[in-house]
Amino acid sequence: MKFIVQICRILVGVLFIISGLIKLNDPLGFSYKLQEYFSAEVLNIPFLEPYALIISVFVVVFEVVLGVFLLIGYKPKFTIWSLLGMIVFFTFLTFYSAYFDKVKDCGCFGDALKLTPWESFTKDIVLLALILIIFFGIKYIKPIFSSLGATVVALLSFIGSLWFGYHVLMHLPAKDFRAYKVGANIQEGMIIPEDAPKPVIEYYWKFNVDGEEKVITTNGSYPTVDGEYVGVDTKVIDEGYDPPVKDFSIETDTEDLTDKFLNEEKLIMIIMYNLATAEPDGVAKLKTFSEKAMKEGYTVIGLTASGTDEKLQFKSTYNLNFDFYLCDEKALKTVVRASPGIVKLHKGTVKQKVHWNDIDDIEL
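Below or above, wherever it landed, is the structure these notes cover. (Residues numbered from 1 in each chain as written. Predicted model: local features only at pLDDT ≥ 70, side-chain atom pairs only at ≥ 80, totals over all residues. Heavy atoms only, no water.)

Right, let's talk about unusual backbone geometry for a bit. It is generally the case that most residues other than glycine have a negative phi and that most peptide bonds are trans. At the junction of serine 339 and proline 340, the peptide bond is cis and its omega measures out at 10° in the coordinates. With respect to the secondary-structure elements, proline 340 resides in the loop between helix 12 (329–335) and strand 7 (341–346). Non-glycine residue lysine 75 carries a positive phi angle of around 45°. Relative to the elements of secondary structure, lysine 75 occurs in the loop between helix 3 (52–72) and helix 4 (76–99). When its relative accessible area of 47% is taken as the criterion, lysine 75 is described as partly exposed. For asparagine 319, which is not a glycine, the phi torsion comes out positive at approximately 55°. In this structure asparagine 319 comes out as exposed when scored by relative accessible area, which is 51%. (Helix = DSSP H or I, 4+ residues; strand = E, 2+ residues; numbered from the N terminus. Buried < 20%, exposed > 50% of the residue type's maximum accessible area, 1.4 Å probe, protein only.)

Once that is clear, we can look at the packing of helix 3 against helix 4. Between helix 3 and helix 4, the least distance of the axes is 10 Å, while the angle of their chain directions is 135°. Between helix 3 and helix 4, the interaxial angle falls into the category oblique. The handedness of the crossing between helix 3 and helix 4 comes out as left-handed. Contact with helix 3, carried on its side by Val59, Phe62, Glu63, Leu66, Phe69 and Leu70, involves Phe78, Thr79, Ile80, Ser82, Leu83, Met86 and Phe90 of helix 4 and no other residues of that element. The class makeup of the residues in the contact of helix 3 with helix 4 is 10 nonpolar, two polar and one charged. (Axes fitted to C-alpha atoms, helices over the stretch in contact; angles between N-to-C directions. Parallel < 35°, antiparallel > 145°, perpendicular 65-115°, else oblique. Left-handed = near helix turned anticlockwise from the far one by under 90°. Contact = heavy atoms within 4.5 Å. Nonpolar A, V, L, I, M, F, W, Y, C, P; charged D, E, K, R; others polar.)

In this fold, serine 221 is placed in the loop between strand 2 (212–218) and strand 3 (228–238). Under the relative-accessibility criterion, serine 221 is labelled partly exposed at 44%. Between the alpha carbons of serine 221 and proline 50 there is a distance of 44 Å; along the sequence they are 171 residues apart.

What follows concerns the sheet that holds strand 3. Here three strands make up an open sheet; going across it, the order is 2-1-3 and the pairing antiparallel. Both edges of this open sheet fall to strand 2 and strand 3, since each of them pairs with a single strand only. Going across the sheet, the axis of each strand differs from the next one's by a mean of 20°, ignoring polarity. Looking at chain direction, strand 1 (residues 200–209) and strand 3 are connected through nine bridges and run antiparallel. The residue of strand 3 that forms the bridge with tyrosine 203 is threonine 234. (Pairing = 2+ DSSP bridges.)

This part is about the pairing of strand 8 (residues 349–355). Of all seven residues making up strand 8, six are buried, and the element is well covered by its neighbours. Pairing of strand 7 with strand 8 involves six bridges; the strand directions are antiparallel. Bridging across to strand 8, leucine 345 finds its partner in valine 350. Between the antiparallel neighbours strand 7 and strand 8 lie two residues, among them lysine 347 with a positive phi of about 50°.

When we look at burial in helix 10 (residues 286–295), the residues that qualify are Leu286, Phe289, Ser290 and Ala293. Along helix 10, the residues classed as buried sweep out an arc of 95° about the axis, all on the same side. With respect to the buried face of helix 10, the exposed residues turned more than 90 degrees away are Thr288, Lys292 and Lys295. Here the buried face of helix 10 lies against strand 4 (267–271), helix 9 (280–283), strand 5 (299–304) and strand 7. Just past helix 10, the residue glycine 297 takes up positive phi, approximately 90°. (Arc of directions from axis to C-beta.)

Encoded structure:
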């Protein structure tokens, strides 16, 4: 039992640290996932959405710290009860998400590793079993350092996690796992290969036949039934090939200009998914930067999901010398974790992107 507990201790501790650090690398991205969970369509607790970023940072820092605490044997009762409470909550969350098909990706490992809801639930069940072994074998959890040494390591892990989270929020994730990372080509990311697996969808057609409901399953074709049509339900059996770049476009109210701009040799995209929530300190830097970029031969555009009136008002208020175009909000949040964020492209290939705090680092 002692040997088994130590193995479980190492597995759980390392997994919590890795999972926490991946999310801590991109706490803003994890906050978007929490907003999805908090929405009316999922858990229906929208009053928590404004606090998603604070909750995100707290959860991922706590996750890393608990992993460290478990490995060094620091405050074992507090650590193991905390781990048990956290994994019970997330097991419920992933089961709810999977069973009701609410959230397609739990965000457990950020963008580094995508898990389906049922894969996430299975992972949490395994973790729950490992933590229960540790819970019942708590007497075998001994500190590996002296009391002072364990306290110092625990404190350093907490401070280090907080610093890292703050650093990436004020700049950009240290490691970019998304489809818009430096070196990626946006047009290529949209392509669906001809031989790519197609989605498999089952259709459940409901008919009233002689006063009784009859359900006929097809792959999409309308069945021939001697009865009154009632309705149809669908179920995705296999989602098929999912291109890494989705819903990205550069549009006006009447025209799609995506190909035109992505074929530019020198393009700067200034991204603010919602103009109302853009950081004023960052916006104040845009006019000087855009003028400098234009002098160097760059085409400068803004991308936002805000409406036409908001775009015109924003441009006038800050006296900006570039136009704003429309793009899906979720896509813009994925492109760069900053508002404003600046992306430099050459014929659709991302050459550089920065947080507004680092706007002077853009190489023109």
